[in-house]
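These are the residues of each chain, in order.
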Amino acid sequence: MYKNIRMERNLTTGSVLGNVIYFSLPYLLSYFLQTLYGMADLFIIGQFEGVASTTAVSIGSQVMHMLTVMIVGLAMGSTVSIGQAIGGNDKRKASLDIGNTVTLFMMLSVALTIILLILADSIVSVMSTPEEAVAGTLDYLTVCFIGIPFITAYNIISSIFRGMGDSRSPMYFIAVACVSNIILDYIFMGALHMGPVGAALGTTLSQAVSVVIALIVIRRKNSGIKLEKSDFRPNGIVMKDILGIGVPIALQDGFIQVSFILITIIANRRGLNDAAAVGIVEKIISFLFLIPSSMLSTVSALGAQNIGAHKNERARQTLYYAALIASLFGLAVSIIMQFAADSVVSLFTDASDPEGAMVIQLGGQYMRGYVWDTLFAGIHFSFSGYFCAIGKSLLSFLHNIIAIVLVRIPGAYMASLMFPDTLFPMGLATTAGSFLSVIICVIAFMILLRKERKNTTY
């Protein structure tokens, strides 16, 4: 007995730049749609509710974003393992990787749901949530925690497809989720005035719809990869390989998000307007990270296939093209935002309201410093994807931790103390952290390259 999976695509031949564009564009659109429906919650609730509800959704969604990126990071182990098997034309290994991925992540999602529901009150407290937004944040998180199995299911399905070289199918699935979420948001928050609970319901139910559509597509597609029942039986070696790559990435992404949450906590303690400004800008920045994030996934998947096919130079060329694309994009948006920051922030709050006007002013300050992070993050994201592809994901974890501990968090804290009237220096602190990551990544890459060439020579 078996189920059919969509036909895999081998990306170890042809133009390297062409493959980068072919793979990254659908992923880019997928990430755009996923970010769009995340921003839709904040935009729509801002039209129907006050600053307290907006703050509740921004804080709650930041917690959920942290959990989601950790799940995605852990699933990177599956993407790389499957990609290496496809590149090496080992379909039996690919089937075993896919089956064990499903088993592993479904068990994880159930455990996460139970644990997080128990800790919901503590999480809201740790976030230093402004008193006016506590109830709304707790309601939002409770509903979202219940929906974690659906969020997990969507992300592992996407990781499996991308490991097989198919970045188009996840794009279709997230498009369904995006449209569903916007419709449900207007129903729950607009027509029914459910506030933060409505935002959470829209997000959770739209993910469930997306998963159902994905499962229907999987059952109807034919390919050369067949999943036997035995593939879903836990295999210690396979799970160890998946977790060996995925755990450092999940921890890395988790610590990055923790650093952002700590910055949010610092802002929350400055008052409701500062909290709302930081929350809004975080949403905007997540949108601007479309290119850097798509490059990370692209380098991981394409690099893994090429490594599996023993085409190391093609894997490096994939890194070079991705870093170039990401850095050019980051430079362009950073310059544009120096002039457009206030206008962009104003889309998420009422400029005619005195508090809203203050949020716009503070958000503009934060954005002008923070936006430069898109330039440097795009470069070190590309390196992180390469390190994952070659099985050195621990390097990705290390450079991020060093940047967080030495620069990002202490820098934001000191900036908050030294500049109480502006958020601009706090934004620059995050950018400085990414700049340090780029330096570490370049040094690590050069050392690895020198070792490889030395081994080849001898």
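None of these values were measured; they are calculated from a predicted model. (Residues numbered from 1 in each chain as written. Predicted model: local features only at pLDDT ≥ 70, side-chain atom pairs only at ≥ 80, totals over all residues. Heavy atoms only, no water.)

1. Observations concerning the overall build of the protein
- Along the backbone of the protein there are 15 helices and two strands.
- The C-alpha radius of gyration computed for the protein amounts to 21 Å, which stays within 12% of the reference 23 Å derived for 458 residues, consistent with globular compactness.
- Taken over the C-alpha atoms alone, the protein extends approximately 65 × 50 × 35 Å along its principal axes.
- The buried share of the protein, taken over its 458 residues, is 59%.
- Across the protein, every contact between residues at least 6 apart in sequence was considered, and the portion connecting residues at least 24 apart equals 84%.
- Taken as a whole, the protein presents about 18000 Å² of accessible surface, with 69% of it coming from carbon and sulfur.
- Of the side-chain charges in the protein, 28 are positive and 25 negative, and the distance between the mean point of each set is 18 Å. (Helix = DSSP H or I, 4+ residues; strand = E, 2+ residues; numbered from the N terminus. Rg over C-alpha atoms; globule rule 2.2 N^0.38 Å. Buried < 20%, exposed > 50% of the residue type's maximum accessible area, 1.4 Å probe, protein only. Contact = heavy atoms within 4.5 Å. Areas by Shrake-Rupley, 256 points an atom, 1.4 Å probe, with all protein chains shown as cover. Lys, Arg positive; Asp, Glu negative; His and termini not counted. Charge placed at Lys NZ, Arg CZ, Asp CG, Glu CD.)

2. Some words on the pattern of salt bridges
- Across all of its chains, the model carries two salt bridges by this definition.
- Across the pair Arg316 and Glu313 runs a salt bridge whose closest N-O atoms are separated by 2.8 Å. One end of the pair, Arg316, and the other, Glu313, are both in helix H11 (residues 312–345), three residues apart, so they sit about a helical turn from each other.
- In this structure Arg316 comes out as buried when scored by relative accessible area, which is 6%.
- Close ionic contact of Asp342 with Arg368 constitutes a salt bridge, the shortest N to O distance being 3.3 Å. (Salt bridge = Lys/Arg side-chain N within 4 Å of Asp/Glu carboxyl O.)

3. As for the environment of Thr422
- The residue Thr422 is located in the loop between helix H14 (393–418) and helix H15 (424–457) in this model.
- A sequence separation of 65 residues divides Thr422 from Ala357, and the C-alpha atoms of the two residues are 14 Å apart.
- Polar side-chain contacts of Thr422 include one of 3.2 Å to the side chain of Gln365.
- A polar contact of 3.2 Å, which involves the side chain of Thr422, links it to the backbone nitrogen of Phe424. (Polar contact = N/O pair within 3.5 Å; in protein donor to acceptor, adjacent residues only side chain to side chain.)

4. Considerations on the packing of aromatic side chains
- In this structure the tally under the stated criterion is eight aromatic pairs.
- Three or more aromatic residues joined by ring pairs make a cluster, and in this case those are Tyr320, Phe383, Tyr386, Phe387 and Phe445. (Phe/Tyr/Trp six-rings, centres within 6.5 Å; stacked < 30°, edge-to-face > 60°.)

5. Remarks on the packing of helix H10 (residues 290–308) against H11
- Their axes nearest at 8 Å, the elements H10 and H11 cross at an angle of 175°. It follows that H10 is roughly antiparallel to H11 by the angle criterion. Along its contact with H10, which presents Ile291, Pro292, Met295, Thr298, Val299, Leu302, Gly303, Asn306 and Ile307, the element H11 presents Asn312, Arg314, Ala315, Thr318, Leu319, Ala322, Ile325, Ala326 and Phe329.
- Looking at the contact of H10 with H11 residue by residue, the classes come out as 12 nonpolar, five polar and one charged. (Axes fitted to C-alpha atoms, helices over the stretch in contact; angles between N-to-C directions. Parallel < 35°, antiparallel > 145°, perpendicular 65-115°, else oblique. Nonpolar A, V, L, I, M, F, W, Y, C, P; charged D, E, K, R; others polar.)

6. A word on empty space enclosed by the protein
- All told, the structure shown has two cavities of 30 Å³ or more when counted by the stated rule.
- Residue lining of the second largest cavity: Ile256, Phe260, Phe289, Asp373, Ala377, His380, Phe381, Asn400, Arg408 and Ser434, and that is the complete set.
- Those elements giving two or more residues to the lining of the second largest cavity turn out to be helix H8 (236–268), helix H13 (373–389) and H14.
- Counting residues per element, the lining of the second largest cavity draws most heavily on H13, at four residues.
- A class-by-class count of the residues in the lining of the second largest cavity yields five nonpolar, three polar and two charged. (1 Å grid on protein atoms, 1.4 Å probe; cavity = no way out; pocket = protein on both sides within 12 Å on 5 of 7 lines; lining within 4 Å. Points joined across faces, edges and corners; volume = space filled by probe spheres on them.)

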